[in-house]
Amino acid sequence: MLKKTSGSDDGHAQGHDHTHDPLEEGAALRVRALEEIVVAKGLVDPDALDSIVEYYERVTGPRNGAAVIARAWTDPEFKDWLLNDGTAAISSMGFSGVQGEHIRAIENTDEVHNVVVCTLCSCYPWPVLGLAPAWYKSPAYRSRVVREPRAVLKEFGLEIPSAVQVRVWDSTAEVRYLIVPKRPAGTEKMSAEELAQMVTRDGMIGTAAL
Amino acid sequence: MDAIHDMGGKQGFGKIPLEDDYIFRADWQRRAFALVEALAWATPYNTDQHRHAVERVTPEEYLRLDYFENWIIASETLLKEAGLVDRSELETGLKRFDIDRKKHKPVGSKEIVEATRAGAALRFPDDTRPARFAVGQSVRVSKAQTAQHTRVPGYVRGKVGEIVSDEGVFQFADAVAAGKGPAPQHCYNVAFSAKTLWGEDAEAEDRISVDLWESYLEPV
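Residues numbered from 1 in each chain as written. Chains lettered and ligands numbered in written order. Predicted model: local features only at pLDDT ≥ 70, side-chain atom pairs only at ≥ 80, totals over all residues. Heavy atoms only, no water.

J.: In this structure, what is going on with the overall build of chain A? I would like to understand it.
T.: Looking only at helices and strands, chain A has 10 helices and 4 strands in total. Along the first, second and third principal axes, the C-alpha set of chain A runs to 55 × 35 × 30 Å. Going through the 210 residues of chain A one by one, you find that 57% of them count as buried. Long-range contacts, defined as pairs at least 24 residues apart, comprise 69% of the intrachain contacts of chain A with a sequence gap of at least 6. If you sum the accessible surface of chain A, you get close to 8500 Å²; carbon and sulfur atoms cover 50% of it. Separation between the mean location of the 22 positive side-chain charges and that of the 30 negative ones in chain A comes to 6 Å. (Helix = DSSP H or I, 4+ residues; strand = E, 2+ residues; numbered from the N terminus. Buried < 20%, exposed > 50% of the residue type's maximum accessible area, 1.4 Å probe, protein only. Contact = heavy atoms within 4.5 Å. Areas by Shrake-Rupley, 256 points an atom, 1.4 Å probe, with all protein chains shown as cover. Lys, Arg positive; Asp, Glu negative; His and termini not counted. Charge placed at Lys NZ, Arg CZ, Asp CG, Glu CD.)

J.: Honestly, empty space enclosed by the protein in this entry has me stumped. Any pointers?
T.: Any empty space left between atoms is shown by rolling a water-sized probe over those atoms. Evaluated as defined, the whole model comprises 3 cavities of 30 Å³ or more. What the second largest cavity holds in volume is close to 40 Å³. As for the second largest cavity, its lining consists of V146, R147 and P149 of chain A together with A194, W198, E203, A204, D206 and I208 of chain B. Residues that form the lining of the second largest cavity fall into these classes: 6 nonpolar, no polar and 3 charged. (1 Å grid on protein atoms, 1.4 Å probe; cavity = no way out; pocket = protein on both sides within 12 Å on 5 of 7 lines; lining within 4 Å. Points joined across faces, edges and corners; volume = space filled by probe spheres on them. Nonpolar A, V, L, I, M, F, W, Y, C, P; charged D, E, K, R; others polar.)

J.: Can you walk me through the pattern of salt bridges in this structure?
T.: Per the counting criterion, the structure on display carries 30 salt bridges over all chains. With a closest N to O distance of 2.9 Å, D202 of chain A and R201 of chain A form a salt bridge. Assigned by exposure class, D202 of chain A and R201 of chain A land together as buried. A single salt-bridge network, built from bridges that share partners, covers R144, E148 and E155 of chain A together with K15 of chain B. (Salt bridge = Lys/Arg side-chain N within 4 Å of Asp/Glu carboxyl O.)

J.: Which parts of the structure should I look at to understand the nonpolar core?
T.: Nonpolar side chains tend toward joint burial in soluble globular proteins. Counting residues in each nonpolar core, the largest one holds 129 residues, and the members touching the most others are Y141 of chain A together with L217 of chain B. Each residue touching L217 of chain B, except ones within four places of it in the same chain, is listed here: R132, F133, V139, R140, V141, I163, Y188, V190 and L212 of chain B. (Core = buried A, V, L, I, M, F, W, Y, C linked by side-chain atoms within 4.5 Å.)

J.: Would you mind showing me how to read the interface of chain A and chain B here?
T.: Buried accessible area, meaning the area lost when the parts come together, often serves as the stated size of an interface. At the junction of the two partners, chain A supplies 89 residues and chain B supplies 98 residues. Summed over both partners, the interface of chain A with chain B buries about 8700 Å², with 58% contributed by carbon and sulfur atoms. The three residues of chain A that bury the most area against chain B are K41, L43 and R147 of chain A, which together make up 10% of that side's buried surface. Our count for the contact surface shared by chain A and chain B stands at 11 salt bridges. Taking the shortest distance from any N to any O, the salt bridge between R31 of chain B and D50 of chain A comes out at 2.9 Å. Remark: the boundary between chain A and chain B carries 45 residue pairs in polar contact (both at pLDDT 80 or more). At the level of elements, α1 (22–40), α2 (46–59), α7 (139–144), α8 (149–155), β3 (165–170) and β4 (176–180) of chain A are the ones that each hand at least two residues to the side of chain A that touches chain B. A per-element tally of the side of chain A that touches chain B places α1 of chain A first, with 14 residues. With 4 bridges connecting them, β3 of chain A and strand β5 (residues 207–213) of chain B associate as parallel partners. Its bridge partner being in β5 of chain B, D170 of chain A is matched across the sheet by V210 of chain B. (Buried area = accessible area lost by both parts, 1.4 Å probe. Polar contact = N/O pair within 3.5 Å; in protein donor to acceptor, adjacent residues only side chain to side chain. Pairing = 2+ DSSP bridges.)

J.: Just checking my understanding: could you explain the environment of R71 of chain A for this structure?
T.: Residues and elements named next belong to chain A. One can find R71 in helix α3 (residues 62–74). C-alpha of R71 to C-alpha of L195: the two residues are 124 residues apart in sequence and 8.6 Å apart in space. Ignoring anything within four residues of it in the chain, the contact list for R71 reads F78, S92 and M93.

J.: Explain the domain arrangement of chain A to me, please; I cannot follow it from the model alone.
T.: When cut into domains, chain A gives domain 1 (22–57) and domain 2 (61–205). Computed over C-alpha atoms only, the centres of domain 1 of chain A and domain 2 of chain A are separated by 31 Å. (Domains from an automatic or database assignment.)

J.: Got a minute to help me understand the side chain of T43 of chain B in this structure?
T.: Residues and elements named next belong to chain B. Positionally, T43 belongs in the loop between α1 (27–39) and α2 (47–55). Looking at T43, its side chain comes within polar contact range of the main-chain oxygen of L39, at 2.7 Å. When near neighbours in sequence (up to four residues on either side) are disregarded, T43 contacts L79, L84 and H104.

J.: Is there a simple way to explain the side chain of H113 of chain A in this structure?
T.: Residues and elements named next belong to chain A. Looking at where H113 falls in the secondary structure, it is placed in strand β2 (residues 112–117). For H113, a relative accessible area of 7% corresponds to the buried category. Beyond its immediate chain neighbours, meaning those up to four positions away, H113 contacts N108, L153, L158, I160, V164, Q165, V166, R167, G206 and A208.

Have a look at this one:
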């Protein structure tokens, strides 16, 4: 199995990518034909295609999750709420919707490090993290992180001490998981806004520490 | 369904492709995602049926093709099965027959964002069904196999774990994918020790948590 890896990652590769990968060209043609036929049949309004992509690229994304985490670090009552009823606490900040109807927040501690996967497809909490990066959907991540999480985390540059337990959360049903990373030391005086800048997407998946 | 999509614990896939840190790297992927999302509102099939259609992509294609191309193949399969398009139309993009537009209304650009923001009701009140299992109880995952859509990953089949939490009553994906309606039941978070799953190969005393519907579980 060859996973396509190289290529421009700027999100605007079309027209500038001269690699002429036959797989890419076949896929692009296939998608164009499908779009043409479903628009011709009246099944899809082309404006809806633009608006849904814009929604995911501009309105959702890891900065939503980062705002939730930073608030939890600075507001103990909110943190309790988040850990007990993630869906309600997150929704109170205006983040909700498809693939985030039921969100459970799990806290990293000195004793436990948590990491999230979907071994069956690519389930991911879209309203708080946006759409999943390609590596999260890769066979290597999905197959290995439940079997050898420590080796996988090491590839991300994260070495988990043997005294710390690793817990892997496989998103197999309707609950989506958001990891609450440990607050970095020396940030006691920082505001929630400043803290949010420190929270990374991978920290909220559990493949990075902050 | 016991197919290649069920990847947990499989070996040989190599290093994590950390360089693939993009959501879309080509515009066709963006269009593919949008098409799948928009089609969902005008077609008779549901998300779990789309998942099952992805699982029905041949293992060889599933691994060789891009993630979003598999999504598109699944949509093509479901549109053909619903009689909304034929093979020639999919190949050429040219319409050969009309469909009943009153039955299949496209979602508008405002409407799709509102519906996405609202999400779907997947959960039912906790007392819709009595809970068969309690937190702390040991359970064994059913060994039953099916060619239909299911959310039991192969790596926990027949294994014993502990109920960590009752997540509440949810629509049952297996039933929804089979077109049998929501068939709500309790869904539990079940934790397995790494040694239970991987034997002496386990890296440490770690824990793997899996969300499993009640139908999948048997008391120990």
